[in-house]
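# Geometric and topological summary
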Amino acid sequence: MSLNPSVFLKEIEENNSKFVETNKTTSIASENPLQNLCLASQEVLQKAQQSGRSKCLKCGGSRMFYCYTCYVPVENVPIEQIPLVKLPLKIDIIKHPNETDGKSTAIHAKLLAPEFVNIYTYPCIPEYEEKDHEVVLVFPGPQSISIKDISFHLQKRSQNKSRGQNDDLDKPSFKRKKIEDQEDYDLNDSMCKNAILKKIIFIDSTWNQTNKIFSDERLQGLLQVELKTRKTCFWRHQKGKPDTFLSTIEAIYYFLVDYHTDVLKEKYKGQYDNLLFFYSFMYHLIKNAKCSGDKETAKHT
Ligand SMILES: [Zn+2]
């Protein structure tokens, strides 16, 4: 189920006459978690979708909505009309080199929150060892903790590090760093309780390829965090996997919503909803197209 824009658009066009009559929100709304988001106007995407592919101003490639290699919107999607989302944390996304860039929703995060998001292609990833008291890896597994317990576990790591500093006489630079961190930690003790986490790491890959990245020793020492159970809306949902396997942009979004309420202890008012600006638009286009298609099929059977 790839999102081949030309086939995809043709499908939309062919079904255009049926678009309105089949766009009854009753059945769609009941199963649509993307219904009540606080989103910027998607008119720019509607226009771009009608006019078709346009040029990437960086590489000249012909793309729909955005260029998945340069991480910029295309010519007919002016960057000023794309919302900018402020995040409470930095995000590193590690993608598998074999992953088809055009299919990845990780790019949505880079487009919508460019200051906060970095994408790395495995095996070229940053060293996290010295930062492992302020970084977590979002990955499900037996070792994983929940979002509300992050601060507790990171503080424990931080304390263990400063306690262990006398044992590390052979690593002077590492030791000095720890002492600095400890000083910061003491100064901001009350702040630290909530604000110790600085960066979250996501692996962007099909689930079958994810394990290779996950088992890399540079990631193995990190605290692992699991998301609450949520169902995916992803149209490219991977066959044979449960619908609780989220796409990368869904995982980022749900992580931040939970972090906001469970860790920052603030009321969530849609601050990160625009991370789903592209996702929800594409979701609805495909859903509507499929819906028309299904109706047509149903008529003939
Ligand atoms: Zn490009």
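Cut-offs applied
- Residues numbered from 1 in each chain as written.
- Predicted model: local features only at pLDDT ≥ 70, side-chain atom pairs only at ≥ 80, totals over all residues.
- Heavy atoms only, no water.
- Core = buried A, V, L, I, M, F, W, Y, C linked by side-chain atoms within 4.5 Å.
- Buried < 20%, exposed > 50% of the residue type's maximum accessible area, 1.4 Å probe, protein only.
- Helix = DSSP H or I, 4+ residues; strand = E, 2+ residues; numbered from the N terminus.
- Domains from an automatic or database assignment.
- pLDDT = per-residue confidence, 0-100.
- Contact = heavy atoms within 4.5 Å.
- Donors = N, O, S within 2.8 Å, 3.2 Å for Na, K, Ca; no water.
- Tetrahedral: all angles 85-135°; square planar, octahedral: opposite > 155°, others 65-115°.
- Pairing = 2+ DSSP bridges.

## Considering the nonpolar core
It is characteristic of soluble globular proteins that their nonpolar side chains tend to be buried jointly. Core analysis: the biggest nonpolar cluster contains 63 residues, and Leu 87, Ile 200, Phe 255, Leu 256, Leu 275 and Phe 278 have the highest contact counts within it. With 10 residues, helix 11 (residues 248-263) is the largest single contributor of residues to this core. Residues lining this core come from more than one domain, with at least three contributed by each of domain 1 (40-82) and domain 2 (85-158 + 194-294). Within the second largest apolar cluster, 13 residues are counted, among which are Ile 94, Tyr 122, Ile 125 and Ile 203.

## Things to note about the confidence of the model for the protein chain
Residues of the protein chain with pLDDT of at least 70 account for 74%, and the chain-wide mean is 79. Confidence, read as mean pLDDT per element, is least for helix 2 (residues 16-22) in the protein chain (30) and greatest for helix 5 (residues 106-112) (97). The model gives residues 168-173 a pLDDT under 50, and that stretch makes 2 contacts with residues more than four places away or in other chains. Confidence drops under a pLDDT of 50 for residues 183-188, and excluding neighbours within four residues, the segment shows 5 contacts in the predicted structure.

## A short note on the coordination of the zinc ion
Taken together, Cys 56 (SG), Cys 59 (SG), Cys 67 (SG) and Cys 70 (SG) make up the full set of protein donors to the zinc ion, lying 2.3 Å away. Coordination geometry of the zinc ion: the 4 donor atoms subtend angles of 106 to 114° at the metal centre, consistent with an arrangement described as tetrahedral. With a relative accessible area of 1%, Cys 56 lands in the buried category. The exposure class assigned to Cys 67 is buried, which follows from its relative accessible area of 0%.

## Structural notes on the pairing of strand 10 (residues 223-226)
Across a regular strand the side chains alternate sides, sitting on one face of the sheet and then on the other. Relative to strand 10, strand 7 (residues 135-138) is paired through 3 bridges, and the arrangement is parallel. When the bridges of strand 10 are listed, Val 138 appears paired with Val 225. Across 2 bridges, the pairing between strand 8 (residues 145-146) and strand 10 is parallel. Paired with Ile 145 across the bridge in strand 10 is Val 225.

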